Amino acid sequence: MRLDNKVAIITGGASGMGRAEAEAFAAEGARVVIADLNEVMAEEAAAGIRSAGGTALAVRTDVTDEQNLENLVARTIAEYGQIDVLVNNAGVFDKYATSLETAGAQWDFIFNINVKSVFNLTNLVLPGMIAQGGGSIVNIASVAGLVAGKGGAAYTASKHAIIGYTKHLAATYGKDGIKINAICPGTISTPLIAASLADIPTDAIPLRRFGESAEVADLAVFLASDEAKFMQGAMVPIDGGFTIQ
Ligand code: NAI
């Protein structure tokens, strides 16, 4: 299978795209660690994978808590011995709040989860990947990291930040055999935006529909696998064509 012998941490793996990624990774042979704030849903997701014959562990993690992140890495190493893939997927949305509608605390909330936690966890995982001679990091950005209008002020800025950080990582750690890329989903039907979906028109999307979590998960599997071994610092839109026009 495409991810045999790989150990993958997926943040926000209890719901939406993260859950689909966890299931797809496990189906391709990876041992998966689901790191999520929602312990009940994380346990459910891991149990579902195990009952389908895969290998998965749930670790209750608040990605904004550095001790939680240290515990996540330690538990993964204790259980599976290594970390080959990190999918920085956990994220929160700002419901299109403009700059004037965004309080400082809301800006910090969005940035702590969407950006700073990615920096903190990546820094905890990178030394092991460097020591073992390779690894793969997949950052879930957004089309809101490429264009305006697909989120509010804080969300758009946070996703642009993740793309800049991905480029830095890719340029710096490629020499260590670490493959680092970003996925830029368009509107994907998940609990994160379920409440807004009815108000989002599909006529600006050439394929005239929203995406599915499993479609993003397929791309994440490809980027994490050895098939993508010459992909580095790519920002791959998966948006039904939204950003081409
Ligand atoms: P979701 O809301 O379905 O799932 C997000 C998961 O992250 C949840 O399980 C939640 O418990 C977890 N989470 C939230 N805060 C956390 C924290 N502090 N620590 C640990 N876990 C936490 O969201 P969805 O839609 O699957 O989004 C996943 C990623 O994709 C996010 O980074 C989001 O910004 C991005 N994205 C989503 C799009 C969409 O249309 N749904 C479009 C583009 C990007």
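A brief look at the structure comes next. Since the structure is predicted, the reported quantities are computational estimates derived from the model, not experimental observations. (Residues numbered from 1 in each chain as written. Predicted model: local features only at pLDDT ≥ 70, side-chain atom pairs only at ≥ 80, totals over all residues. Heavy atoms only, no water.)

**A word on the packing of aromatic side chains**
Any pair of aromatic rings gets described here by the distance separating the centres and the angle formed by the planes. Inspection of the entire model under this criterion finds four aromatic pairs. Note on Phe 93 and Tyr 96: the rings are 5.0 Å apart at their centroids and 90° apart in plane angle, and the pair reads as edge-to-face. Overall, the relative accessible area of 31% leaves Tyr 96 in the partly exposed class. Their ring planes at 85° and their centres at 4.7 Å tell us that Phe 93 and Tyr 155 sit as a pair that is edge-to-face. Of this pair, Phe 93 sits in the loop between strand 4 (85-88) and helix 4 (104-132) while Tyr 155 sits in helix 5 (residues 153-173), and the two are 62 residues apart along the sequence. Here the two residues Phe 93 and Tyr 155 agree in accessibility, since each one is buried. Counting every residue linked through ring pairs, the aromatic cluster contains Phe 93, Tyr 96 and Tyr 155. The ring of Phe 242 carries the charged tip of Lys 150 above its face, separated from the ring centre by 4.6 Å. (Phe/Tyr/Trp six-rings, centres within 6.5 Å; stacked < 30°, edge-to-face > 60°. Buried < 20%, exposed > 50% of the residue type's maximum accessible area, 1.4 Å probe, protein only. Helix = DSSP H or I, 4+ residues; strand = E, 2+ residues; numbered from the N terminus. Lys NZ or Arg CZ within 6 Å of the ring centre and 35° of its normal.)

**Observations concerning the pattern of salt bridges**
Evaluated as defined, the whole model comprises six salt bridges. When the shortest N-O distance is used, the salt bridge between Asp 226 and Lys 6 registers 3.4 Å. Pair noted here: Asp 226 is in the loop between helix 6 (213-224) and strand 7 (235-238) and Lys 6 is in the segment before strand 1 (7-11), with a separation of 220 residues, a long-range link. The exposure class of Lys 6 is buried, given its relative accessible area of 18%. Here Arg 209 ties to Glu 215 by a salt bridge, and the two come within 2.8 Å at their closest N and O atoms. Taken together, the salt bridges that share partners define one network made up of Arg 2, Glu 28 and Glu 227. (Salt bridge = Lys/Arg side-chain N within 4 Å of Asp/Glu carboxyl O.)

**Section: the environment of Val 63**
Within the secondary structure, Val 63 sits in the loop between strand 3 (55-60) and helix 3 (66-80). In this structure Val 63 comes out as buried when scored by relative accessible area, which is 9%. Sequence-wise, Val 63 and Trp 107 are 44 residues apart; in three dimensions their C-alpha atoms are separated by 16 Å. Beyond its immediate chain neighbours, meaning those up to four positions away, Val 63 contacts Thr 11, Leu 69, Ala 90, Ile 113 and Ser 117. (Contact = heavy atoms within 4.5 Å.)

**As for the packing of helix 3 against helix 4**
The interhelical angle for the contact between helix 3 and helix 4, taken along N-to-C directions, is 35°, at an axis separation of 10 Å. Note that helix 3 runs across helix 4; the crossing there is right-handed. Here helix 3 contributes Glu 66, Leu 69, Glu 70, Leu 72 and Val 73 to the contact with helix 4, which in turn contributes Ser 117, Asn 120, Leu 121, Leu 124 and Val 125. The residue makeup of the contact of helix 3 with helix 4, split by class, is six nonpolar, two polar and two charged. (Axes fitted to C-alpha atoms, helices over the stretch in contact; angles between N-to-C directions. Left-handed = near helix turned anticlockwise from the far one by under 90°. Nonpolar A, V, L, I, M, F, W, Y, C, P; charged D, E, K, R; others polar.)

Shape is all these values report; function is a separate question.
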